[in-house]
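What follows is the residue order along each chain.
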Amino acid sequence: MAINSIQFTPLHRAITGGHTETCELLIRSGSDVKAVDDEDQSTALHEAAAQGLTGTCERLILSGADVMAIDTYQETPLHHAADRGHAGTCELLIREGADVNAKDQMGTTPLDQAPDQETRRHWKNLEKQAKQERSYHELLQQSGGVKVNRFKVFVGGKETTGKSTLKRSLNKGLLSALIQRLPGRSVDKPHDPTPGVDIGTFHVPGVGEVSVWDFAGQSEYAVTHSMFMDAENTVFIVLYSILDDSETQEKQVHWWLCFIKSCNPNRRPDVILVASHADKVEPTTAADHTSSPHPLVSSHCSDGLGTQVTFNIPQQVLDKPGRRRAARVVQAMQAEFKDHLRIADEVILMDCRKTRTLEMDKLKSLLVRISEALLHHQRDMPRLSAKIMKRLPKWSESKTSPKCPVMMWPDYVSEVKAFNRHVTEDFLDKSTRFLHHLGEVLFITPATSDHILVLKPNWLGTDVFGPIMAPDNFPISHRLRTSRDFVTRAEIQEVFQDVADVDLLITLLQEFQLCHSYNGREFIFPGLLMQTMPPDKWQLTQEPKVVYFGKQVQCADSTDMFSSGFFPRVQTRLMRGLENRPLLWRDGAKCADRNVEGLIKLSPDGREVNICVRSAQGDKVQCGKMLQQLENIIADVLDECSPGTGTVEKVLSARALKEHREEFYSYGKKEISKAASEGDTIVHPTLGFTEQVSDLLCVVTPLTRYRPELVKALGRVEPILDRLLSRGILGDEDRDCIRAKETPQDKTRELLDIVGRKGERASRVFKAILEQVHPHAAEMIKEGRLCGEDEDPLIKNRPQLVQELKYVVEPILTHLLSRGILSDEECDIIKANRTRHDKARELLDIVGRKGKVARQVFKEVLEEVSPHLAEMVA
Ligand SMILES: Nc1nc2c(ncn2[C@@H]2O[C@H](COP(=O)(O)OP(=O)(O)OP(=O)(O)O)[C@@H](O)[C@H]2O)c(=O)[nH]1
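The protein chain carries the name DAPK1 protein in an unreviewed UniProt entry, which gives Branchiostoma lanceolatum as its organism. Under the heading Cofactor (unreviewed entry), UniProt records this for the protein chain: "Mg(2+)".

Here it is as structure tokens:
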């Protein structure tokens with residue numbers, strides 16, 4: 001491979017020069033696509049990703065380029081594309097297997113470089129999908145696949161709508177139907193609420209073998225539903241009672257449809273709407289009753305075993321009262337969810353207690369039709385997964401304790417090895433994950449202990465989550481259910497006395513993020529909290545320097561919702577992730593860290609989360625960090641339990657926050673960028689007041705941090721303006737706005753504001769231009785040198801120090817931590833910076849502020865780690 005004088009391969013040069021045709025030629029003529037340049041070991045794919053050449057990246061990958069190649073800084077091609085904001089290239093690389101969590105030398109991941117939370121969520125979703133696909137194909141390739149007909153029916157709907165009754169009736173055959181028809185036979189059953197999710201696989205006459213999942217209607221249990229609701233080869237039946245008024249019916253059905261959508265991001269599930277209690281509708285009062293004479297008509301149906309049964313069905317049944325209302329529900333929901341769910345046209349209105357009715361037949365034939373279509377497209381199951389699935393019932397009977405169908409990884413491995421001696425743990429891991437994906441088992445992989453396999457998801461849903469969430473069962477029911485109400489280990493033991501291993505249960509509850517413990521003895525279950533946040537918990541402050549910032553995450557449209565497990569999980573994450581213990585309420589959380597307070601509040605309709613931070617000392621940098629941390633937690637939890645929920649990010653009005661208004665007021669991103677391009681002010685559409693855009697955005701960049709110094713140093717802005725125009729960063733309007741300002745200082749302020757608002761790329765180009773036209777000012781924002789501080793070696797030598805320190809921040813932190821100069825928290829703050837340079841800068845800032853002793857120890861540490869740097873800080 002020819003390496004030219006400046007150490008790049010011809011392929012690198014063709015890409016850097018944007019010569020895609022030459023590039024194609026080189027690839028075709030056999031250039032080594034994996035060759036690295038001598039300068040920083042980057043591959044051609046790194047270069048193409050950095051330039052955003054998606055087509056070239058694709059070509060290189062097809063020719064064998066490694067998407068996970070790392071350069072000297074351990075950056076992958078995805079780091080390069082993400083850093084420069086090339087969205088299309090990032091998506092391609094992720095689909096091709098790039099790791100969004102790969103850490104470069106300084107711990108920065110591509111995900112850290114995503115421009116906003118929506119992109120972060122999108123990338124994570126893409127990666128998850130791509131991983132599943134790759135793993136599936138790997139399994140098929142290695143062990144082959146088999147056809148396994150697995151068809152599931154999930155039944156959802158509000159409490160007492162008849163879900164369990166329908167499940168029972170589906171299960172019954174001809175004999176039950178005949179018994180039901182005997183005079184004096186009651187079909188009524190007392191209501192026995194389903195705790196959690198009740199799963200059973202049985203033969204449905206007329207349909208075949210079906211696994212039916214009955215989801216409890218009570219809201220307490222819905223907290224855990226999202227864990228089970230993402231499913232392949234599944235049809236969802238949503239029940240509602242025809243006795244309810246239209247508004248209630250539509251509201252309830254709508255809730256369940258949003259829930260189904262939120263859990264199934266990459267498919268358009270089949271849904272059947274069923275109205276129950278048809279027998280209770282009053283014919284005379286129903287507006288839609290058809291009053292024609294009703295001759296008897298014959299109907300035939302099969303009992304699933306081939307027997308034809310004939311029923312005489314009065315015409316009036318076909319024109320049943322309530323049918324028109326039921327039809328309206330179907331139509332309204334079809335119209336609203338047309339892009340997300342396949343809602344069947346059939347209007348089904350039935351008495352769920354009856355086994356053999358025309359409506360039941362209609363439902364069954366619909367199930368058959370949908371199942372045939374699903375099974376037709378069903379993918380083969382990897383052979384090992386199929387073999388394991390076949391053995392699950394036997395194992396849960398003979399290999400686990402009767403009340404706890406759970407296997408630990410080593411036992412599971414040895415059972416599998418008993419029939420497949422050569423299986424590797426990695427292969428078994430993937431095969432098991434596939435079964436987890438199908439909902440056949442629950443595969444839990446705790447960070448600090450063995451993997452756990454729940455052989456019967458039913459058990460977890462009904463026997464564990466049910467009693468935990470049931471208000472009457474659980475011992476804390478007599479308490480106030482505030483965030484101070486915890487449950488002790490002994491109390492959990494009491495509820496689950498039959499289950500031998502309570503520690504295992506607690507591990508499972510923690511793994512599913514249902515609870516958190518600070519001491520291992522007392523457990524807080526956010527899903528059990530009853531009290532809403534009192535207004536006095538977030539009070540006005542009279543501090544003159546106080547600053548407020550906030551974000552809002554809203555459901556994107558009426559088909560979106562945050563699934564019921566979302567907020568309790570956010571709260572569990574807050575308890576786990578924050579340094580100081582947060583205060584929790586059913587609809588809110590409050591936290592504090594250093595000189596910043598944070599608040600997360602769910603709106604009363606549960607469709608938006610507001611996140612705000614404030615600092616009485618005006619510490620914007622810490623506000624920014626806390627805001628980011630809280631936003632990340634929310635985005636991560638959304639990914640886990642509401643991956644199909646579309647969201648919109650908004651910015652909260654800082655002035656409304658400062659005034660402590662009862663409601664939250666926000667601005668859309670578009671409004672903000674429009675206002676920003678037209679000047680720095682924005683008028684709130686409902687409140688009517690004006691505020692500065694720069695007061696709303698908690699973005700701390702060198703341009704804002706060193707604004708006064710830059711305004712002093714820059715002088716004439718014209719040469720910079722020209723270059724920014726020619727690079728497309730500024731438009732004519734921006735230029736006119738800047739020129740319209742009277743003084744050179746105001747012109748500079750305007751310029752800095754406009755560039756700052758235009759995002760990272762604009763700031764980068766601005767810095768590059770500054771290096772050409774005003775090297776002194778460029779140095780200032782690059783390395784943070786401030787006027788009048790030239791005597792301090794940490795400032796005087798800051799540019800070189802940052803350049804060199806950036807490679808050794810980690811070992812220096814370890815030394816400074818062990819010698820008590822830095823705390824864990826300070827190390828985390830330094831590590832939380834996005835780029836290597838920023839980490840080095842933060843380190844210098846913190847050490848610089850700590851005084852003589854800290855500087856002396858810093859110098860000693862440098863002598864060990866990098867002696868020539870030590871001279872620079874002397
Ligand atoms: N008359 C009549 N009663 C019904 C019908 N469907 C259900 N029921 C009765 O309504 C009550 C509640 O039914 P369930 O099937 O337990 O309700 P569910 O939807 O499973 O309720 P949860 O488990 O609490 O979510 C029972 O007493 C049933 O016998 C129906 O279509 N007609």
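Draft legend 1. Region of interest: the overall build of the protein chain. Along the protein chain, the regular secondary structure elements total 38 helices and 25 strands. Sequence separation of at least 24 residues holds for 69% of the intrachain contacts in the protein chain that already meet a minimum separation of 6.

Draft legend 2. Representation of the sheet that holds strand β23 (residues 666-668). Across the sheet, which stays open at both edges, the seven strands sit in the order β18-β19-β20-β21-β17-β22-β23 with antiparallel pairing between neighbours. Since the sheet does not close on itself, it has two edges, and those belong to β18 (583-585) and β23, each with one partner. Strand-to-strand, the axes of this sheet are offset by a mean angle of 20 degrees, without reference to chain direction. Pairing between β18 and strand β19 (residues 588-593): three bridges, direction antiparallel. Bridging across to β19, Trp-585 finds its partner in Gly-588.

Draft legend 3. Inspection of the environment of Phe-549 at higher detail. Mapped onto the secondary structure, Phe-549 falls in strand β17 (residues 547-555). Sequence separation between Phe-549 and Leu-627 is 78 residues, and the spatial gap between their C-alpha atoms is 8.0 Å. Residue contacts for Phe-549: discarding those within four places in its chain leaves Cys-612, Val-613, Cys-623, Leu-627, Ala-654 and Cys-698.

Draft legend 4. A look at unusual backbone geometry. Backbone geometry places His-277, a non-glycine residue, at a positive phi of 60 degrees. Along the polypeptide, His-277 turns up in the loop between β6 (270-276) and β7 (296-302). The phi dihedral of Gln-513 falls on the positive side, at around 60 degrees, and the residue is not glycine. Tracing the chain through its elements places Gln-513 in the loop between α20 (502-511) and β16 (522-523).

Draft legend 5. Here's a closer look at the nonpolar core. Counting residues in hydrophobic clusters, the biggest one holds 141 residues, and the most contacted among them are Leu-257, Val-271, Ile-272 and Ile-634. Among the elements that make up this core, the one with the highest residue count is helix α22 (residues 620-641) (nine residues). When residues no more than four places from it in sequence are discounted, the contact partners of Val-271 are Phe-236, Val-238, Leu-257, Ile-260, Leu-341, Arg-342, Ile-343 and Ala-344. Membership of the second largest hydrophobic core comes to 29 residues, among which are Ala-48, Ala-50, Leu-92 and Val-100.

Draft legend 6. Here's a closer look at the packing of helix α7 (residues 117-143) against helix α17 (residues 425-438). Two elements in contact, α7 and α17, have axes whose closest approach is 10 Å; the angle formed by their N-to-C orientations is 120 degrees. On the basis of their axis angle, the class for α7 and α17 is oblique. Crossing handedness for the pair α7 and α17: left-handed. Only Phe-427, Lys-430, Ser-431, Arg-433, Phe-434 and His-437 of α17 make contact with α7, whose side of the interface consists of Gln-132, Ser-135, Tyr-136, Glu-138, Leu-139 and Gln-142. Of the residues assigned to the contact of α7 with α17, the class counts are four nonpolar, five polar and three charged.

Draft legend 7. A look at the packing of helix α3 (residues 44-51) against helix α4 (residues 54-62). For the pair α3 and α4, the least separation of the axes is 8 Å and the interaxial angle reads 160 degrees. One element, α3, and the other, α4, form an angle in the roughly antiparallel class. α4 is crossed by α3, and the crossing has left-handed handedness. Across the interface between the two elements, Ala-44, Leu-45, Ala-48 and Ala-49 of α3 pack against Thr-56, Cys-57 and Leu-60 of α4. Here the residues of the contact of α3 with α4 are counted per class, giving six nonpolar, one polar and no charged.

Draft legend 8. Structural context of the UniProt feature "repeat: ANK" (unreviewed entry) in the protein chain. UniProt's entry tags residues 6-38, 40-72 and 73-105 with the feature "repeat: ANK" (unreviewed entry), counted in the numbering of this structure. A helix fraction of 52% and a strand fraction of 0% characterise residues 40-72, whose end C-alpha atoms lie 5 Å from each other.

Draft legend 9. Up close: the sheet that holds strand β13 (residues 442-444). Overall, antiparallel pairing links the three strands, which are arranged β12-β14-β13 in an open sheet. The open sheet has two free edges, formed respectively by β12 (406-408) and β13, since each of these has just one partner strand. When the angles between neighbouring strand axes are averaged without regard to direction, this sheet yields 20 degrees. Direction of pairing for β13 relative to strand β14 (residues 452-454): antiparallel, over a ladder of three bridges. Residue pairing in the sheet places Ile-444 in a bridge with Ile-452 of β14.

Draft legend 10. Quick look at α17. Counted at 1.5 Å a residue, the expected span for α17 with its 14 residues is 20 Å, and the 20 Å between its end C-alpha atoms agrees. What α17 keeps buried is the set Leu-428, Lys-430, Ser-431, Thr-432, Phe-434 and Leu-435. Where α17 is buried, its residues meet α7, β11 (381-382), α15 (383-398), α16 (409-419), β13 and β14. In the stretch just after α17, Gly-439 is the one whose phi turns positive, near 80 degrees.

Draft legend 11. Just the domain arrangement of the protein chain, in detail. Looking at the protein chain, the domain boundaries give domain 1 (10-115), domain 2 (152-177 + 193-281 + 295-377), domain 3 (381-480 + 496-501), domain 4 (535-695), domain 5 (702-783) and domain 6 (793-873). Here the C-alpha centroids of domain 1 and domain 4 sit 36 Å apart.

Draft legend 12. Here's a closer look at α4. Burial in α4 covers these residues: Thr-56, Cys-57, Arg-59, Leu-60 and Ile-61. Where α4 is buried, its residues meet α1 (10-16), α2 (20-28), α3 and α6 (87-95). In the segment just after α4, Gly-64 is the residue with positive phi, at about 105 degrees.

Draft legend 13. Spotlight on the pairing of β19. Linking β18 back to β19 in an antiparallel pair, the connection comprises two residues. Linking two consecutive strands that pair antiparallel, namely β19 and strand β20 (residues 596-602), is a turn of two residues; a positive phi of about 45 degrees is found at Arg-594 within it.

Draft legend 14. Examining the pairing of strand β21 (residues 608-615) more closely. Within β21, seven of the eight residues are buried, which leaves it mostly tucked inside the rest of the structure. Pairing between β17 and β21: eight bridges, direction antiparallel. Opposite Val-547, over in β21, you have Ser-615 as the bridge partner. Across six bridges, β20 lies against β21 in antiparallel orientation. Looking at β21, one finds that Leu-599 is bridged to Cys-612. What sits between the antiparallel neighbours β20 and β21 is a turn of five residues, in which Gly-606 has the positive phi angle 70 degrees.

Draft legend 15. Here's a closer look at the environment of Glu-491. Tracing the backbone through its elements, the reader meets Glu-491 in helix α19 (residues 489-495). It is 22 Å that separates the C-alpha atoms of Glu-491 and Val-406, two residues lying 85 residues apart in sequence.

Draft legend 16. Here's a closer look at the environment of Trp-409. Turning to its location among the elements, Trp-409 is positioned in helix α16. For the pair Trp-409 and Phe-443, spaced 34 residues apart in sequence, the C-alpha separation works out to 9.6 Å. Setting aside its immediate chain neighbours within four residues, Trp-409 contacts Asp-450 and His-451.

Draft legend 17. Quick peek at the confidence of the model for the protein chain. A residue-level look at the protein chain finds 86% of positions with pLDDT of 70 or above and a mean pLDDT of 82. In the model, residues 1-6 has pLDDT below 50 throughout and makes seven contacts with residues more than four positions away in sequence or in other chains. Low pLDDT (under 50) marks residues 284-318, which in the prediction has 46 contacts with non-local residues, meaning those over four places away or in another chain. For this predicted complex, the interface confidence reaches an ipTM of 0.98, while the overall pTM sits at 0.72.

Rules behind the numbers
Here the residue numbering is sequential within each chain, running from 1 through the sequence in written order. For a predicted model such as this one, the threshold for reporting local features is a pLDDT of at least 70, and the threshold for listing and counting side-chain atom pairs is 80 or more; totals across whole chains, interfaces and linings nevertheless cover every residue. UniProt positions are given in the numbering used here, feature names are shortened, and annotations may be inferred rather than shown by experiment. Segments assigned H or I by DSSP are reported as helices when at least four residues long, segments assigned E as strands when at least two residues long, and all are numbered from the N terminus. Think of it this way: build a C-beta for each residue from its backbone, and any pair within 7 Å is a contact. Two strands qualify as a pair provided DSSP detects at least 2 bridges between them. For helices, the axis comes from a line fit to the C-alpha atoms of the stretch in contact; other axes are also lines fit to C-alpha atoms, and the angle between any two N-to-C directions lies between 0 and 180 degrees. The nonpolar core is taken to be a set of buried Ala, Val, Leu, Ile, Met, Phe, Trp, Tyr and Cys residues joined by way of C-beta atoms within 7 Å. Labels follow a simple rule on C-beta atoms placed from the backbone: if 20 or more others lie within 10 Å of a residue's own, it is buried; if 12 or fewer, it is exposed; otherwise it is partly exposed. For this classification, under 35 degrees means roughly parallel, over 145 means roughly antiparallel, 65 to 115 means roughly perpendicular, and everything else is oblique. In this scheme the handedness of a crossing depends on how the near helix is turned from the far one: anticlockwise by less than a right angle means left-handed, clockwise means right-handed. Here the nonpolar group is Ala, Val, Leu, Ile, Met, Phe, Trp, Tyr, Cys and Pro; Asp, Glu, Lys and Arg are the charged ones; every other residue, Gly included, is treated as polar. In this analysis, the expected span of each helix is defined as 1.5 Å times one less than the number of residues it contains. Note: domain ranges come from an automatic or database domain assignment. How sure the predictor is of each residue is captured by pLDDT, a score from 0 to 100.

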